[in-house]
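Structure at a glance
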Amino acid sequence: MYIKNLTLQNYRNYEKASFSFSNGINILTGDNAQGKTNCAEAIFYLCTGYSPRATRDKQVIKYGSDSATISGVANSSYGDVKIDIKFSDKKNKEILVNGVPIKKIGELMGNLNSVFFNPEELKLIKESPEDRRRFMDISLSQMSKRYFYALQKYRKIIEQRNDLLKNPDKEVVYETLPLWDAQLSEYAEIIIKERLDFIKMLKPFASNAHSFITGGNESLEISLESGYIEDEYNVKDCLLRALTERVEKDIILGYTSVGPHRDDIKIKISGEDVRIYGSQGQQRTSALSLKLAELEIFKNRFNEYPVLILDDALSELDQKRRSRLIDRIKNIQTIITCTELTSELKTIENAKHFIIENGEIISEQ
Ligand SMILES: Nc1ncnc2c1ncn2[C@@H]1O[C@H](COP(=O)(O)OP(=O)(O)O)[C@@H](O)[C@H]1O
Ligand SMILES: [Mg+2]
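Bear in mind that the values here come from a model prediction, so they are computed numbers and not experimental data.

What counts and how
- Residues numbered from 1 in each chain as written.
- Chains lettered and ligands numbered in written order.
- Predicted model: local features only at pLDDT ≥ 70, side-chain atom pairs only at ≥ 80, totals over all residues.
- Core = buried A, V, L, I, M, F, W, Y, C linked by C-beta atoms within 7 Å.
- Buried ≥ 20, exposed ≤ 12 C-beta atoms within 10 Å, placed from the backbone.
- Helix = DSSP H or I, 4+ residues; strand = E, 2+ residues; numbered from the N terminus.
- Near = placed C-beta within 6 Å.
- Nonpolar A, V, L, I, M, F, W, Y, C, P; charged D, E, K, R; others polar.
- Domains from an automatic or database assignment.
- Contact = placed C-beta atoms within 7 Å.
- Pairing = 2+ DSSP bridges.
- Expected span 1.5 Å × (residues − 1).
- Axes fitted to C-alpha atoms, helices over the stretch in contact; angles between N-to-C directions.
- Bend = angle between axes of the 7 residues up to and from the residue.

1. Looking at the nonpolar core
Of all hydrophobic cores here, the largest spans 94 residues; its most connected members are Ala42, Ile43, Leu46, Tyr154, Ile191, Val307 and Ile309. Sort the elements by how many residues they give to this core and helix H5 (residues 170–213) lands first, with twelve residues.

Here it is as C-alpha cells:
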C-alpha cells in the first residue's frame, strides 16, 4: 500500500503544493519550521481522519484563509482510492472517498494505512498509560472497524457510567449499574480480545526489530497489563467481576477505575522495565521497535505494508542504528523528514528527495 500523490491547499504553511511520491523511500529535507512535519501530518490525516499532533482540525487552515484541503491518491491491492479532506472555519471537516462524502470516520479507515513515528513518540515509552493505549487504539482502529466502533461505544458508556457513579441517590446507582455493565462488558470484550491478539503478535516482531536495530545486544519484551484479566478465554466475566468488586471504591472516586480504558503495555529490556530503568537511547529504540513491529502486523493482516512516516526520527539514532533501520525499511514506502541529507540517505537507491522551503517544494528529484 502506498500514497501516490498528495496535494495541499491552504493547509498550514502551504498555499498550494503537490507531491508525487515514489513507492519506495521519500526524503523531505529543509530547515526548521519549513513545512516538513506539516506534510507528514497531512498524510496521517488521509489515513485516519485525525492529526497525529494534539491539534484541532481548524488549526490546520492557513492563517488568513477560511478553508483548507488535503487530497491524495492511495494505491493498494484493491486499486486506487482518492481521498479528500476539506476543512472549513465554519463547519466540521468533510471527508470524501472517491468523491463520495463519508458519514463515519470508520469508512475512511483502511483505505490508506500508516505507521507514524516522530521524537514525540518517545511518550509511548516514557509517559502515561494513555499514550500506550493510544498506540494500540490507532493501530487497531486502522486494522479493524469492529474495534473502532466498539471503542467509540465503550467510551460513551464509560462516560455515562461515571455520571451515574456520581449520582447522590445510591439506590438508583446500584439498580442501574448492572444494566450499564452488561452493555459495557460486551464492547469491552471486543476491545480486550483484539488488544490481547495485537500484543501477542507484536511481541515477537518487536523483539526481532529491537535486536536487529541494536545489533543483537538487547532483548525487548512486551505484555498487556490489565490487573483484571485472569482468564484470557473469559475476559467478560473477569471484567464484570472486577467492576463489581470495585463498585464502592468507584462510587467514592466518581469514576470507573478498571477496564480497557485503564489498560497498559508493559515494556521490558532484558527483564527491566524500560520506562523506569531504560536510558533515553533505549527508550527511543524501544519506541521505534514497537512501530516497526506494528508494520509487520499490518503486513500480516493485509498482505501489504502500510506507509511508514518517520518524522525527524533519524537524527535521534546513532549512525549504525540509522543504517540498519534504512536497510530494514527499503521495501516499504517511507516518508522521511529530516534537516539534512546524511550519508546513509544519499546512498539509498531510487529514493526521491524533496527540498521544502517556506511551504513550497523548491526541488524534487
Ligand atoms: N495554520 C497555519 N497557517 C500557516 N502556517 C502554519 C499553520 N500552522 C503551522 N504553521 C507554520 O508551519 C511551520 C512549521 O512547519 P513544520 O512542518 O512543523 O516544520 P518542520 O519543517 O520543522 O517540520 C511554522 O512556521 C508554523 O508557523
Ligand atoms: Mg518537523
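Picking up where we left off.
2. Examining the site of ligand 1
The environment of ligand 1 is formed by 15 residues, the closest being Asn13, Ala33, Lys36, Thr37 and Asn38. In the shell around ligand 1, the residues fall into four nonpolar, eight polar and three charged.

3. Quick notes on the domain arrangement of the protein
The figure often quoted for interface size is the accessible area lost as the parts come together. Here the protein is partitioned into domain 1 (1–113 + 306–365) and domain 2 (122–303). Taken over C-alpha atoms, the centre of domain 1 sits 28 Å from the centre of domain 2. Contact residues are listed per partner, giving 16 residues for domain 1 and 15 residues for domain 2. Looking at the side of domain 1 that touches domain 2, the elements with two or more residues in it are helix H1 (36–48) and helix H10 (319–329). When residues in the side of domain 1 that touches domain 2 are grouped by element, the largest group, five residues, is from H10. Across the side of domain 1 that touches domain 2, the residue classes tally to six nonpolar, five polar and five charged.

4. Comments concerning the sheet that holds strand S10 (residues 264–269)
Spatial ordering of the open sheet is given by S9-S10-S11, a layout of three strands whose pairing is antiparallel. Looking at which strands have only one partner, the edges of the open sheet turn out to be strand S9 (220–225) and strand S11 (272–273). As paired strands, S10 and S11 are joined by two bridges and run antiparallel to one another. Looking at S11, one finds that Lys268 is bridged to Asp273.

5. A closer look at H1
Taking 1.5 Å per residue, 13 residues should reach 18 Å; H1 reaches 19 Å between its end C-alpha atoms and fits that length. With twelve of its 13 residues buried, H1 lies for the most part within the structure. Among the residues of H1, Lys36, Thr37, Asn38, Cys39, Ala40, Glu41, Ala42, Ile43, Phe44, Tyr45, Leu46 and Cys47 are the ones counted as buried.

6. Details of the pairing of strand S2 (residues 14–20)
Where strand S1 (residues 2–11) meets S2, six bridges bridge the pair, whose relative direction is antiparallel. Bridging from a neighbouring strand, Thr7 pairs with Ser18 of S2. Hairpin connection of S1 to S2: two residues between the antiparallel strands, including Arg12 at a positive phi of 50°.

7. Observations concerning the sheet that holds strand S6 (residues 94–97)
Taken together, six strands build an open sheet; the order of strands is S2-S1-S4-S5-S6-S7 and the sheet is antiparallel. What marks the edges here is a single partner per strand, and that holds for S2 and strand S7 (100–101). Sheet topology note: the strand S5 (residues 79–88)/S6 ladder contains four bridges and is antiparallel. By the bridge assignment for S6, Ile85 is matched with Ile95. Packing of H1 onto the sheet brings it into contact with S1, S2, strand S4 (67–76) and S5, and relative to S1 it is tilted by some 115°.

8. A short note on H5
The end-to-end C-alpha separation of H5 is 55 Å, well short of the 64 Å expected for 44 residues at 1.5 Å each. The largest bend in H5 is about 35°, located at Thr176, with the proline Pro178 one to four residues further on. Immediately downstream of H5, the backbone of Gly215 shows phi near 70°, a positive value.

9. What about unusual backbone geometry?
One non-glycine residue, Asn303, lies in the positive phi region at around 65°. Relative to the helices and strands, Asn303 is located in the loop between helix H9 (280–302) and strand S12 (307–311). With 10 C-beta atoms counted inside 10 Å, the residue Asn303 sits in the exposed group. Positive phi, close to 50°, is recorded for Asn358, a residue that is not glycine. Looking at where Asn358 falls in the secondary structure, it is placed in the loop between strand S14 (352–357) and strand S15 (360–364).

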